[in-house]
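Residues per chain, in single letters:
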Amino acid sequence: MTARWTRKDLLGLRELSADEINFILETSDAFKQVGTREIKKVPALRGKTLVNFFVEPSTRTRTSFELAAFRLSADVINISATTSSLKKGETLKDTARNLEALHADILVLRHSSAGAPQFLARRLKASVINAGDGAHEHPTQALLDLYTIREKRGKIAGLRVAIIGDILFSRVARSNIFGLLKLGAHVTLVGPSTLVPREFEKLGVEISHKIEDVLPRADVVNLLRIQHERQRREYFPGLGEYIRLFGLTKERARLLKPDCLIMHPGPINRGVEIDSDVADGLQSVILDQVTNGLAVRMAVLYLCGGIAA
Amino acid sequence: MSQTRKSSPAAIPVMDAEAIRRALRRIAHEIIERNPQLPAVALAGIPSRGVAIAQRVAAFIREISGKEAATGVIDVAMHRDDVGRRRELPVVRASSLPLPLDERTVIIVDDVLYTGRTVRAAMDAISSFGRPARIQLAVLIDRGHRELPIRPDYVGKNLPTAAREQIQVRLRETDHEPDAVWLERQ
């Protein structure tokens, strides 16, 4: 049997083939089942050490990786920027080398600089998993989004997916664009022209600044969080303006096809990018995304961490 | 490819389709004999061929006794004791077992019993689903060379082999070839 996964790291979706992405999704099916067992633990990564190195803070993603590691019987250490030696001026490379000297097997890294995971992956024997690097990629988020779509709709190819919101600064958007296009979906980016640059069309996506035009034909709507700091940098006039033009209100949600999925990477701003009732409605799969995130991260840790060094 | 394999000095046919059928039917009889409460039995097949064998045995049980024995799938890849030692990562599949296991007799079903490590992994997997009343083991072929203290309860055929020999099992459901068991010498 030819090996379908041979990488020690997961740095992004851009460099993966469709076959590799599908293999991760199939592997995730097996690990999703583990969450339904009475004892939610398998010994696949027993004795391995995973370090959650979150230089950029996160609770949700870090907790998800932590749980995934526990379910695989790995040992977990959590390091955040505030508690780490980075504050004392240690370079990223030295911090990582020190962790490797402690025989860390898997490093899950979130960092505000694009390329930081790749930088470490080249220098360390340990597996490096990108949990978000600047505005570049967030591969496990896109993988769990793809998994959720595949679970609910049976396929990805041919579906019309609308990604709505702050695309410019979003690593979630970029990873999703790469993954969706490789698997044959049609992608439309929706948002204010200041946050959805025209250059993205070169990737093979459509762009629209009018949400009402896109919603009726969408099979999936993926809403990105509006980061409040953008307001101050004058990317759009204010939250009220954003909601008026791009918020998924109850009225706009009526334009959607009945089987259209509503997705959001979280945490949701109720009443901003999505109406409270819509977030809790029947078409919303936001909580499924969280459950699937665990399965996908277990699959990624197994595939990258299980390969003989 | 559904080509029938040709016999050669290197590959000897050990069981044909009829021999396999008789062996599995006999195993079904033995299971019925040893398990008066058939609804409590769960035939848990190890993918891929163990699953096919489990389904065939369940069909024989239904045919002979009129009663249903439940079937399930036990994926052992996540429970192996050699993760990180192999160059190729074994493919994992979702498991499923009829729950709860408390009053059940789970019969692990596989095609070939060799070192016993796969069966150990299967028992480890079963324990994460619950605590069955008892666990038994049914195999089509026992080729010897156990590395762990594990023994089968139901055996289709005992086939002593040398370590450098290989047993090849082919089933139409999984291999798209006629049913057969071959002994290959290197």
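Source: prediction; values computed, not measured.

Caption draft 1: Up close: the overall build of chain A. Counting secondary structure elements, chain A contains 12 helices and nine strands. For chain A, whose C-alpha radius of gyration is 19 Å, the value lies close to the compact-globule estimate of 19 Å for 309 residues. Overall, chain A is about 55 × 45 × 35 Å in size when its C-alpha atoms are taken along their principal axes. Summing over all exposed atoms, chain A offers an accessible surface of approximately 13000 Å²; the carbon and sulfur share of this is 52%. Separation of charge centres in chain A, based on 44 positive and 35 negative side chains, amounts to 3 Å.

Caption draft 2: Highlighting the nonpolar core. Residues and elements named next belong to chain A. Core analysis: the largest hydrophobic core is formed by 69 residues, its most contacted members being Phe31, Ile163, Leu189 and Leu301. Here the element with the most residues in this core is helix H12 (residues 286-305); it accounts for nine residues. Apart from residues lying up to four places away in sequence, Ile163 is in contact with Ala173, Asn176, Ile177, Leu180, Val187, Thr188, Leu189, Val190, Asn222 and Leu224.

Caption draft 3: Spatial organisation of the sheet that holds strand S5 (residues 134-142) of chain B. Residue and element names in this part refer to chain B. Pairing is parallel across the open sheet formed by five strands, whose spatial order is S3-S2-S4-S5-S6. Looking along the sheet, the strands with just one partner apiece sit at the ends: strand S3 (70-73) and strand S6 (154-158). The average undirected angle you get between the axes of adjacent strands in this sheet is 25 degrees. Bridge count for strand S2 (residues 41-45) against strand S4 (residues 105-113) is five bridges, and the pairing is parallel. When the sheet's bridge partners are listed, Gly45 is paired in S4 with Val109. Against the sheet, helix H1 (residues 17-34) touches S2, S4, S5 and S6, its axis set at about 150 degrees to S6.

Caption draft 4: Seen up close, the pattern of salt bridges. Residue and element names in this part refer to chain A. For the structure on display, the rule yields 34 salt bridges over all chains. Note that Glu151 is salt-bridged to Lys32, the shortest N-O span being 2.4 Å. In this pair, Glu151 is assigned in helix H5 (residues 139-153) and Lys32 in helix H1 (residues 18-34), connecting sequence segments 119 residues apart. Relative accessible area serves as the criterion here: at 33%, Glu151 is assigned to the partly exposed category. Here Lys32 falls in the partly exposed class, since its relative accessible area comes to 24%. Notably, a salt bridge pairs Arg270 with Asp280, separated by 2.9 Å at the nearest N-O pair. You can see Arg270 sitting in the loop between strand S9 (261-263) and helix H11 (276-279) and its partner Asp280 sitting in the loop between H11 and H12, a full 10 residues away along the chain. Within this structure, Arg153, Asp219, Lys257 and Asp259 form a network of salt bridges that share partners.

Caption draft 5: Examining the pairing of strand S3 (residues 106-111) of chain A more closely. Residue and element names in this part refer to chain A. Extensive coverage of S3 is indicated by the burial of six of its six residues. The alternating pattern of S3 places Ile106, Val108 and Arg110 on one face and Leu107, Leu109 and His111 on the opposite face, and all of these are buried. With five bridges joining them, S3 and strand S4 (residues 127-133) adopt parallel strand pairing. Residue Val108 lies in a different strand from S4, and its bridge partner there is Ile129. Between the parallel pair S3 and S4, the chain is carried across by helix H4 (residues 116-123), and the sense of this crossover is right-handed.

Caption draft 6: How the structure looks around the side chain of Ser175 of chain A. Residue and element names in this part refer to chain A. If you trace the backbone, Ser175 turns up in helix H6 (residues 171-182). You can call Ser175 buried: its relative accessible area is 0%. Among all residues touching Ser175, those that are not within four sequence positions of it are Leu13, Glu137, His138, Pro139 and Ala142.

Parameters and conventions
- Residues numbered from 1 in each chain as written.
- Chains lettered and ligands numbered in written order.
- Predicted model: local features only at pLDDT ≥ 70, side-chain atom pairs only at ≥ 80, totals over all residues.
- Heavy atoms only, no water.
- Helix = DSSP H or I, 4+ residues; strand = E, 2+ residues; numbered from the N terminus.
- Rg over C-alpha atoms; globule rule 2.2 N^0.38 Å.
- Areas by Shrake-Rupley, 256 points an atom, 1.4 Å probe, with all protein chains shown as cover.
- Lys, Arg positive; Asp, Glu negative; His and termini not counted.
- Charge placed at Lys NZ, Arg CZ, Asp CG, Glu CD.
- Core = buried A, V, L, I, M, F, W, Y, C linked by side-chain atoms within 4.5 Å.
- Buried < 20%, exposed > 50% of the residue type's maximum accessible area, 1.4 Å probe, protein only.
- Contact = heavy atoms within 4.5 Å.
- Pairing = 2+ DSSP bridges.
- Axes fitted to C-alpha atoms, helices over the stretch in contact; angles between N-to-C directions.
- Salt bridge = Lys/Arg side-chain N within 4 Å of Asp/Glu carboxyl O.
- Right-handed = clockwise from strand over helix to strand, strands pointing away.

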